[in-house]
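# Fold and contact review
Residues per chain, in single letters:
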Amino acid sequence: MKKRISTRYTRYIAMLLLAVVTCVLSVVVLIISNNTENFKEQIRSSFHSNQIVSNHQMLIRNMGYFNERLFDPLFNRDISLLNEEIRQIGKWLPIERFVITDPEGSVVTDGSIENPQYGRIIFLTDRRKLNQPTVENHDDRIELAMPVAVNNNLQGYAFITVSNDAQKSSMAALNANTRQIWRVLVQSIGLVFFSALVITIFLAWYSGYWLSRIISKPLSEMNEAAKAFAAGKLDYQLQVRSGDELGELAQSLNSMAADLYKTHLLLSKAQSIANLGSWEWRPGQDFIDCSENLLNVMGSGESRSRIGLKDFLRLIDGNDREKVAAVFQADRVPEAFSHEFRVLTPQGERFIQMRMDDGDIRDGQFDFLYGTIQDVTERRQVENRLSYLANFDALTGLPNRNLFQDRLQHATLKAKREKSQLALFFVDLNRFKSINDLFGHIVGDKVLQHVSNCLSEATRTSDTVARLSGDEFTLIIENVENEGFIVSVAEKLLEKLSGTLIYEGNEIEVTCSIGISRYPVDTMNMKELIRFADMAMYQAKETAGGAYCLFNREMSVQAGKFQALENDLRKSVKNREFALHYQPQIDLVNGKPIGVEALLKWPRQGIPTPSDQFIPILEDSGLIVEVGEWVLEEACRQMAEWRRSGLGDLRLSINLSGRQFQINDFALTIKKVLEKNQLPPHLFEIEVTESVLIDLTLCEQVMEKLKSLGVRISVDDFGTGYSSLRYLKYFAVDTLKIDKIFIAEINRKRDDEDIASAIVSLAGRLGIDVIAEGIETLEQSQWLMAQGCRFGQGYLFGRPMPAGELDDWMKSRDAMGEPPVLS
Amino acid sequence: MGVFCDRLGKPGVSVRLYQKFQDYLATNLSREGIELDNFYIACTEADMTAALRDNKVNMLMASLATTVAVNKDDELIEPAFVVWRKGIRHYRTVFFTRKDSPVQTIKNLQGKKIAFEKPLSTSGYYLPLSTLLNHNLACVESDVGEAEKDAVRFMFAGTELNQAYWVHSGKVDAGAFNDSDWDVTPKQIRKDLRIIYQTDPVMRWLFSFHKNMPVGLRRKVTAILTGMHEDPNGKLALRDAKNIARIEKFSKQDEMDFQRWKDLLTPLVGLQ
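Here the structure is a predicted model, which is why all the values come from computation and not from measurement.

## Description of the overall build of chain A
Across its full length, chain A carries 26 helices and 29 strands. In chain A, which comprises 823 residues, the proportion classed as buried is 46%. Partitioning the contacts of chain A with sequence separation of at least 6, the portion at a separation of at least 24 is 62%.

Put into structure tokens, the structure is as follows:
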């Protein structure tokens, strides 16, 4: 095969061109890499040193200022003015401690009104005594000790400790941003290098032949072009003189430049993603060179690489402009700088952080400044939001428990200082749980928002309204003049809050109970103040509901009595010191007993205690669960014994508490006890109040299971509780027990007669049995029979009695043959 | 209405304090068809006296000593109300020394140094000065070169806090300010101090009418002022104006008290 010169040239020139292009590319990459790496390192190191030494330098720089501000007041022993100076310095310096002493080291003031260190001696080292300032750097702080003196006239010393916390977080953020930008840059450069290498190899080989004929001029032009690219002039265009390989090579070199330009764009993009912009300024220039993203960050909407200095400063809010403008002074070497300022853009205000290194010095001359700006608005917003969430309730916008505690502490301290009074209101909605259960949580939330609005409207702006949890609200009323004022506020609140709220067609009755304690009248202890208001609120709730109550000392005494009662109850539960009495239930028509109701008795220390005194405590303390199990077991055991002795098919009624419905497998427990004592379920009846049935979520499942067992359900004290009759529809209720308050006034009050008659009629229409409670006279019994009421119980027939006495009672009735009460 | 600068050279502070009070008064008088000019702020007694002479001011709210000073020459104003400034009706001046000081009575101050608060202060200057003079003690300001050896030398500390520290550090032998300031003196130094004398109580602040103000207008203003503390808006205005609890019409006893203090303070006011 014949070797042609074109082939040889092609090989040689291609190798040469490849080497040249590779070198040029390497140089370009190396320059960019070096410059970028240097820039990165310089920014990082400058920020690092900036952050570390900024406070240090700030302290050093301001020593003269401190001395100037402190000398005169210290000379005059004007402690008020010294405190004011410390307060002013604390506005711009993150001061942890600022103590001023006299020349002997005795503390004159630490800046606080209380001044607890006053007179304490601070040890002075020899260096300090020689009137030389000392600055000590620590990881978390910088300590400055300096004499306060003018022309050797020493008046004392200032000891200043400055925190470094803010700088540490700034360094971490800067390092993260720098790493992110550098990662993107390295990836881009690698891609460009690889692409350029492939293209260069191809072009070098392809253009070799033509280069063998036309070498000098095109090579020279390409060399110039390569130099221009290396110098960063990426918009330099190599002239394409022909359509041959040289022309293509020229085009390829132009493409390479375009790729490099793309790298530049990627860097800009990276800055855009990071909301970052960079800038550079040389002394004497009335403009600054900036990255394309800088003006975008500043919110001007322009994209330029240069902006006039005045135009740049005009973008900054007036309050911050002077401080930033001070950086661009040609007559002095600026120092490291980090400052956040505000800009107003058409989209609203933005917060910008501006950072710069110390001025760059070349050959003893101040050469140029460079730095960055970054949009930190989102960070600020997050900080504000976090602060809000930590202190405010999201549903109502009111202060939460955390902020309430803080406000209350401040209010009590203020009241103590000013010798004034404050009142703490505890506001609790009545039956809020029922509102949630009946109408759902969305309506419940609307009620809470309604209440929070009412509370806010009814109080002064200086008062604090807070939501502690659920339906618990508090009010801190300051500068209370007298009790009449407290009463007027409470009555105003009750008037505002009580009423009917209509939401999506639902009529919701809202009432509340208010407890009030006063500082310092009731106590000067904050925890006690809260506890007393809570006690007063419960007193209000128990007294009336929809009322207010001021704390008094008797409540503490009453609470102590309740506690003693509860303690005795706990002992009695442990020692099984309860008894069951049984009251017969009678068929009014034939006078025969149809069943008995088991009633719990507690002989406290041998003295009978009314059930309305100890049963609520059993329920509140949860003891009712254990006692309830004993009642179930004992009553069923007794009934089984009566059945074995031939007493017949009497029904056993037992009262159940709402707490017992919350026990797992409660229905299963009843089933086991009935089976154990061989009692037919239809002769076992549970009595529950309307308030238990109204809570559908609580009892729905248990009721279904009990009904499936065949157990009867009776509604106790019917007519005294909730007016809703929905539960009669939900549950197959077997019996309604008319409360004795309606029976007592039969033949005397027409209203009670009407109610009793209506209940009998309602039950008759629904096919439900009716038992009238508390029948004491023959006339009552006869009237009830006339209305169609078939069953009753009361002292007319027999009072609650121990099991042994009931045996005798039954035998005496059998012996008489006829019902004595109806004869 | 006229008021004095609460802080010397800073009338803006007084505007913020009394603007709501002024607005409340103007709004209520406008319902009666009476227009009230914006209030007049004076920084010196002479300035206020001139304004009263020129009938630029018809009503004045000021301290006891300042009221006496303004009235010294022409008797242009007639005090009519006690103003419960900072929530109190009366206050008194207490004299205090270090517990280990040999100065145990007012008389022991002969030839000693005492710190007053500042000129124009009723409780921090006029009352203690009057008290010292009534005890037959000569008083001269500390920077007066030649003075009687037995004279009490006084100097101005600028604030009550400085008075307490100056006494504690021994810079002066005694100090005098009102009993409310004594209660807020830092415990750290108050434990080393003791009260050696206290004056009779004086009315906290006064509200006066110009002697030429018509009786009918006085009656309307009286009705507004004495009812402010029962009106929510009035209460807000009072609270802003240095936490005034109420404004109360002069009783016979108040008139006698004012006359007694006026006799005592008139020779002193205007000396500074």
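There's plenty left to go through after this.
## Observations regarding the environment of Glu597(A)
Residues and elements named next belong to chain A. Assignment of secondary structure puts glutamate 597 in strand 21 (residues 593–601). Given the relative accessible area of 3%, glutamate 597 is considered buried. Considering only alpha carbons, one finds glutamate 597 and isoleucine 686, 89 residues apart in sequence, at a separation of 9.6 Å. Ignoring anything within four residues of it in the chain, the contact list for glutamate 597 reads His581, Tyr582, Gln583, Gln585, Ser653, Asn655, Glu687, Lys737 and Gln793. A polar contact of 3.0 Å, which involves the side chain of glutamate 597, links it to the side chain of asparagine 655.

## Some words on the interface of chain A and chain B
Note: interface size is frequently given as the accessible area lost on complex formation between the parts. At the junction of the two partners, chain A supplies 16 residues and chain B supplies 14 residues. Approximately 1300 Å² of surface area, both sides summed, lies buried where chain A meets chain B, with 47% of it carried by carbon and sulfur atoms. Summed over the three residues of chain A that lose the most area to chain B, namely Ser80(A), Ile113(A) and Tyr118(A), the buried surface amounts to 35% of that side. At the junction of chain A and chain B, the tally comes to 0 salt bridges.

## Some thoughts on helix 18 (residues 624–644) of chain A
An ideal rise of 1.5 Å per residue puts 30 Å on 21 residues; helix 18 of chain A measures up with 30 Å between its terminal C-alpha atoms. Within two residues after helix 18 of chain A, Gly646(A) carries a phi angle of roughly 90°, on the positive side.

## Things to note about the state of the cysteines
Here a disulfide denotes one covalent bond, and it connects the sulfur atoms of two cysteines. According to the stated counting rule, one finds 1 disulfide over all chains in the structure shown. A sulfur-sulfur separation of 2.3 Å characterises the disulfide bridge that pairs Cys5(B) with Cys43(B). Taken as a pair, Cys5(B) in the loop between strand 1 (2–4) and helix 1 (11–30) and Cys43(B) in the loop between strand 2 (40–42) and helix 2 (45–53) lie far apart in primary sequence, 38 residues in all. Free cysteine: Cys512(A), not disulfide-bonded; nearest cysteine sulfur from Cys454(A) at 9.5 Å. We classify Cys512(A) as buried; its relative accessible area is 0%.

## A look at the pairing of strand 28 (residues 769–772) of chain A
Residues and elements named next belong to chain A. The pairing of strand 27 (residues 735–738) with strand 28 spans 4 bridges and is parallel. When the bridges of strand 28 are listed, isoleucine 738 appears paired with alanine 772. Here strand 28 runs beside strand 29 (residues 791–792); their pairing, made up of 2 bridges, is parallel. Of the residues in strand 29, the one forming a bridge with isoleucine 771 is phenylalanine 791.

The rules behind the values
Residues numbered from 1 in each chain as written. Chains lettered and ligands numbered in written order. Predicted model: local features only at pLDDT ≥ 70, side-chain atom pairs only at ≥ 80, totals over all residues. Heavy atoms only, no water. Helix = DSSP H or I, 4+ residues; strand = E, 2+ residues; numbered from the N terminus. Buried < 20%, exposed > 50% of the residue type's maximum accessible area, 1.4 Å probe, protein only. Contact = heavy atoms within 4.5 Å. Polar contact = N/O pair within 3.5 Å; in protein donor to acceptor, adjacent residues only side chain to side chain. Buried area = accessible area lost by both parts, 1.4 Å probe. Salt bridge = Lys/Arg side-chain N within 4 Å of Asp/Glu carboxyl O. Expected span 1.5 Å × (residues − 1). Disulfide = S-S within 2.5 Å. Pairing = 2+ DSSP bridges.

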